[in-house]
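Working through the structure, step by step
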Amino acid sequence: MRAYLAVLPEQIDSLLRNGSHSFPSAFATTRLFFEENSEVDEEEREFDLSLLAAEESRNMQESDTAMGFVLAVNLTSAQSGAEDEYQVELLSDIAWSQVDAALVAETSEPELTWYASQEIADHLSLWLAHKG
């Protein structure tokens, strides 16, 4: 299952350095989210979820001007627990090998810049230095 983690640059750094990191939950197409958004295609639902995760990342940084950081990951069925409206509880750590991409909201516009997992390390120092 594709999921989106709202993260801080420090958490990306920890995941990259340690190979895994614990996160409490991830934005995903839950049953309720699917029912409320059944008229749109999968790509649009995933974009909406990634925007929600980017907004949560900004909230975690307590800044409306901070960049929003999201990791797109592939969850195993054993990793996802209870669902709420937009998120699933994560029952185990996320491994670096599960990361497909980083998505970064650089402005308040509903746009995300996509970075392949192989590119993340090249941009991480800039993200760690950025404070909103």
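Bear in mind the structure is a predicted one, so any value in this text is a computation, not a measurement.

Per the counting criterion, the structure on display carries 2 aromatic pairs. When the ring of F69 is compared with that of W127, the centres are 5.6 Å apart and the planes differ by 55 degrees; the resulting orientation is tilted. In this pair, F69 is assigned in strand β4 (residues 68–74) and W127 in helix α4 (residues 120–129), connecting sequence segments 58 residues apart. Both rings, one in Y115 and one in W127, keep their centres 5.2 Å apart while their planes meet at 70 degrees; by these two values the pair is edge-to-face. Note that Y115 is positioned in strand β9 (residues 113–116) and W127 in helix α4, a separation of 12 residues in sequence. Here Y115 matches W127 in class, with each residue buried.

It is worth spelling out the nonpolar core at this point. If you look at the biggest cluster of nonpolar residues, it comprises 23 residues, and the most contacted ones within it are L5, I12, L71, V73, L90 and W127. The set of elements that each furnish at least two residues to this core consists of β1 (2–7), α1 (9–18), β3 (25–28), β4, β6 (87–90), β8 (99–105) and α4. Residue contacts for L71: discarding those within four places in its chain leaves A3, Y4, L5, V7, I12, L15, V99, A101, A102 and I120. Among the nonpolar cores identified, the runner-up in size contains 12 residues, and F27, L49, L103 and L112 belong to it.

Pairing within the open sheet is antiparallel, and its 7 strands lie in the order β5-β6-β3-β1-β4-β8-β9. Both outer strands of the open sheet, β5 (80–83) and β9, are each paired with one neighbouring strand and no more. With direction set aside, neighbouring strand axes in the sheet form an average angle of 35 degrees. Bridge analysis of β1 against β4 gives 6 bridges, and the strand direction is antiparallel. Residue pairing across strands places A6 opposite V70, the latter belonging to β4. Contacting β1, β3, β4 and β8, helix α3 (residues 42–60) runs over the sheet at an angle of about 20 degrees to β1. Set on the sheet, α4 makes contact with β4, β8 and β9; between it and β8 the angle comes to about 35 degrees.

Inspection of α1 places P9, Q11, I12, D13, S14 and L15 among the buried residues, and these make up the whole buried set. With its phi angle positive at about 85 degrees, G19 sits one or two positions after the end of α1.

Turning to the layout of surface pockets, a few remarks are in order. Its volume calculated, the largest pocket comes out at about 180 Å³. Taken together, R2, Y4, E43, E46, F47, S50, L103, L112 and W114 form the lining of the largest pocket. Where the lining of the largest pocket is concerned, the elements lending two or more residues are β1 and α3. It is α3 that provides the largest number of residues to the lining of the largest pocket, a total of 4 residues. Its residues assigned to classes, the lining of the largest pocket comprises 5 nonpolar, 1 polar and 3 charged.

Cut-off values and rules
- Residues numbered from 1 in each chain as written.
- Predicted model: local features only at pLDDT ≥ 70, side-chain atom pairs only at ≥ 80, totals over all residues.
- Heavy atoms only, no water.
- Phe/Tyr/Trp six-rings, centres within 6.5 Å; stacked < 30°, edge-to-face > 60°.
- Helix = DSSP H or I, 4+ residues; strand = E, 2+ residues; numbered from the N terminus.
- Buried < 20%, exposed > 50% of the residue type's maximum accessible area, 1.4 Å probe, protein only.
- Core = buried A, V, L, I, M, F, W, Y, C linked by side-chain atoms within 4.5 Å.
- Contact = heavy atoms within 4.5 Å.
- Pairing = 2+ DSSP bridges.
- Axes fitted to C-alpha atoms, helices over the stretch in contact; angles between N-to-C directions.
- 1 Å grid on protein atoms, 1.4 Å probe; cavity = no way out; pocket = protein on both sides within 12 Å on 5 of 7 lines; lining within 4 Å.
- Points joined across faces, edges and corners; volume = space filled by probe spheres on them.
- Nonpolar A, V, L, I, M, F, W, Y, C, P; charged D, E, K, R; others polar.

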